[in-house]
Amino acid sequence: MKRLATTGITALLVATVVVLAAGCGGRGGSSSASPAFSSSDLTAQPTNNWITNGGSISNQRYSPLTEINAGNVSQLKGIWHVHLGSGSAGKYSGEAQPLVYKNVLYIVTGADDVFAIDAHTGAKKWTYSANLNQKIKTVCCGWTSRGVALGDGKVYVGQLDGKLVALDQKTGEVAWSTQVARYQDGYTITGAPLYYNGRVYTGVSGGEFGIRGRLTAFDAKTGQEDWRFYTIPGPGKAGHDTWPSTGNAWQHGGAPVWQTPAVDPDLGLLYFSTGNAAPDLYGAKRAGDNLFASSILALDAETGEYRWHFQEVHHDIWDYDAPSPVVLFNVSVGGVERQALGQAGKTGFVYILDRKTGKPLLGIDERPVPQNAAQKTAATQPYPKGDAVVPQSVPVQSFNRFAAKLPKGTKLVNGGRIFTPYGPGGSAVSAPSSLGGTNWWPMSFNPETSYLYVCGVDQAQLFSGGKTAAYKTGEQFFGSTFAPQGTPAGTFTAIDASTDRVAWQKKFSDSCYSGSTTTAGNVVFVGRNDGHLQAYNATNGKLAWSFQTGAGANDTASVFSLDDNEVVAFYAAGSALAGSAHGDDLWLFGLHGNLEPAGSASSSGATAHAGEKAPTAKAPANTSTVNVSTTEFKFTLSTQTVHTGTVTFKLTNNGGIPHDLSINGKQTPNIDPGATATLKVTFTKPGNYPYLCTLPGHAEAGMKGVLKVT
């Protein structure tokens, strides 16, 4: 296939707190209604308000405020701390950045429940309860929402049931609701919508279920659809020839949109990046580059017409997609100020482009990569002329530490480098893992330092198989399996945007699984899995402040001015995939705060789901049957020791999303919530046999262990 060119306490839960009835919201103290924000409102650097998910429609997550700075940020304490009472079970993740307008915070939990919070006291002004169907089984990676949008007197939220809902900003009552796509067909919405120029833009998730990705624009007043852009182009559209000319692979080609777009009003362009091609790990029946999967796209913001694209990974078979938001900024390159766009990919690269044309701003080389004919791999892959934020190979010493847990005969080939292929009947170990590099979490840009601040995950992965994948509506569409190996480490990196080189980097013993926010006070905020929200010197990376929030700090801070004092809002609720402690903690910090840190929460990340029924009796060591209970995200086995011979594993999924079990080369199909399955496995030799759930991210979150065979 030809390649298409890139063109064209807990503070003051005072008696006046009002909690509204569950359902569609209700009345309980009004909030100030936002106007139909102008382009200048939305492009302005945030001060008194934080009205978009990215701080402005450039997605820089930058505050021009300076009261809190690298010299005094160590004095930050809590002003108030409240519990939202939503989204704290094991299957949920807290990834929504708070929005602020006229002293009211707007936050959504992983259950898609929305809260309006008085910024002065932490009191709830109104609550909208989404009442999601708890049997939804088409959620890829933990139940979550990454935020809401504001504009024209409404709060907009995309839901896991595929609905886009507009709430009256004063009361929380539903103004309108539209079904963007059906969750029964694999479509969910996790990203925060974007309000711009009288429209609300939203993408859809579901690449793991064989959807056809899209970005859709709706009238902000009525919810009526204005236009729709398919990220997998149909016949006659630019990019369609990068899919097979026969068959219907393109109709289920993936390329979801996980996050909030950015807009340049002067150029009239809207920008976003896309997720994996489908099936994720099996490329045999989708020969070609598979546009516009794993790509950055620019559309006409008014009409939705294609303008340009850049593909980060051609014919992706590693799930190396681009779920992190794009960022727009100006930067001096060779003494000339350029209009730039940056995006941090799962590959570990930061891609920096000219946002007018989509062409590489600092140079990106197409390099030959190893091939696997059965997988129809691409001959070359793009390599930016800069530094990766995580390692892109597997050292022999690291491989040796986990080699015993790999399928028999697995060898380290090609140094475990990025883009190492694998095929049917084989396997490969390479880095980074399909979890990143940089996953969904947003990076930030500081115009004072010209640095981009990026979280990354350093972990190797086993890719196995490349199996035939048959599409079935609403069912997972992976085509093969993968399993992260070893304990994930993390990096927090400042990338010089003028060179794409590392300016400084912090290395963590656990994954870096949080967005970042930076300020003119030479500060950059980032969360940690152990519950600490931290602040670093934005210029040199020195740790300046660390505060325990009480739950996994896997979110992104918002900075604004309240009564002429700079404050920081942060929602800590943990992450299913990061394996961090769950909670429902909303904080406001300031230099005049007096609340001390919360107590540390358990970091097991395996909070039991409602309805979990662990086996009540231990089976004898020589049993031929092992009862297995699964939840988000752990296994409970009736015994960890068996004798050689044939063992029957009886699995019950007591969680809220699908799981499977893989051991000694045998694997169950995906087991839906409430369902059971049986797996018979023969062990011919004594030894330690690893078991895991092969669904993306589940093993890393805790669904793995070792069965002893005597």
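Residues numbered from 1 in each chain as written. Predicted model: local features only at pLDDT ≥ 70, side-chain atom pairs only at ≥ 80, totals over all residues. Heavy atoms only, no water.

Participant: How would you summarise the state of the cysteines if you had to cite specific residues and measurements?
Facilitator: Overall, the coordinates contain two disulfides when judged by the stated rule. C455 shares a disulfide with C512; S-S distance 1.8 Å. The disulfide joining C455 to C512 has a torsion of about -40 degrees about its S-S bond and is therefore left-handed. With a gap of 57 residues between them, C455 in strand 26 (residues 451-465) and C512 in the loop between strand 28 (501-508) and strand 29 (516-519) connect regions that are remote in the sequence. Residue C455 shares its accessibility class with C512, and that shared class is buried. In the protein chain, the bonded cysteines, numbered by position in the sequence, are linked as 1-2, 3-4. Here C693 stays free of any disulfide, with the sulfur of C140 as its closest cysteine sulfur at 11 Å. (Disulfide = S-S within 2.5 Å. Helix = DSSP H or I, 4+ residues; strand = E, 2+ residues; numbered from the N terminus. Buried < 20%, exposed > 50% of the residue type's maximum accessible area, 1.4 Å probe, protein only.)

Participant: A description of unusual backbone geometry should follow, citing residues and the corresponding values.
Facilitator: For residues besides glycine, phi is generally negative; the peptide bonds are generally trans as well. Here the bond from A278 into P279 is cis, since omega is -5 degrees, no more than 30 degrees from zero. With respect to the helices and strands, the residue P279 is situated in the loop between strand 16 (269-273) and strand 17 (295-300). Residue P432 is bonded to the preceding A431 through a cis peptide linkage, with omega at 0 degrees. Mapped onto the elements of the fold, P432 is located in the loop between strand 24 (426-430) and strand 25 (444-446).

Participant: A description of the environment of I51 should follow, citing residues and the corresponding values.
Facilitator: The residue I51 is located in the loop between helix 1 (39-43) and strand 1 (62-63) in this model. Residue classification places I51 among the buried positions, given a relative accessible area of 10%. Separated by 81 residues in the primary sequence, I51 and L132 have C-alpha atoms spaced 26 Å apart. Ignoring any residue separated from it by four or fewer positions in sequence, one finds I51 in contact with F37, D41, L42, L99, V100, Y101 and L150. (Contact = heavy atoms within 4.5 Å.)

Participant: Any chance you could break down the pairing of strand 27 (residues 481-496) for me, citing the residues and the numbers?
Facilitator: Of all 16 residues that make up strand 27, 14 are buried, and the element is covered over most of its length. When strand 26 meets strand 27, the two strands line up antiparallel, connected through 13 bridges. Considered in strand 27, the bridge of F463 is made with F482. For strand 27 and strand 28, the ladder comprises seven bridges, and the chain directions are antiparallel. Following the sheet pairing, D496 is matched in strand 28 by R501. Linking two consecutive strands that pair antiparallel, namely strand 27 and strand 28, is a turn of four residues; a positive phi of about 60 degrees is found at D500 within it. (Pairing = 2+ DSSP bridges.)

Participant: Could you give an account of the sheet that holds strand 20 (residues 336-344), with specific residues and numbers?
Facilitator: What the three strands build is an open sheet, ordered 19-20-21; its pairing is antiparallel. At either margin of the open sheet sits one strand with a lone partner, and together these are strand 19 (327-333) and strand 21 (350-354). Along the sheet, successive strands turn relative to each other by an average axial angle of 40 degrees, direction set aside. (Axes fitted to C-alpha atoms, helices over the stretch in contact; angles between N-to-C directions.)

Participant: Can you explain the confidence of the model for the protein chain? Please cite residues and give values.
Facilitator: As a general rule, the predicted coordinates of low-pLDDT regions are not to be interpreted in detail. When the pLDDT values of the protein chain are averaged, the result is 90; 91% of them are 70 or greater. For residues 4-28, every residue scores under 50 in pLDDT, and the model assigns this stretch 71 contacts once sequence neighbours within four places are set aside. With pLDDT under 50 throughout, residues 604-622 is counted as low confidence; its partners more than four residues away or in other chains account for 44 contacts. (pLDDT = per-residue confidence, 0-100.)

Participant: Tell me about the environment of Q159, and name the residues and values.
Facilitator: Among the structural elements, Q159 can be located in the loop between strand 8 (154-158) and strand 9 (163-168). Once residues lying within four places of it in the same chain are set aside, the contact partners of Q159 are D112, Y128, A130, L132, V165, T188 and I189. In this structure the side chain of Q159 is engaged in a polar contact, spanning 3.1 Å, whose partner is the side chain of D161. (Polar contact = N/O pair within 3.5 Å; in protein donor to acceptor, adjacent residues only side chain to side chain.)

Participant: Describe the side chain of R528, with residues and values.
Facilitator: Tracing the backbone through its elements, the reader meets R528 in the loop between strand 30 (523-527) and strand 31 (532-537). For R528, a relative accessible area of 10% translates into the label buried. For R528, the contacting residues outside a window of four places in its chain are F508, D510, Q534, Y536, G552 and A553.

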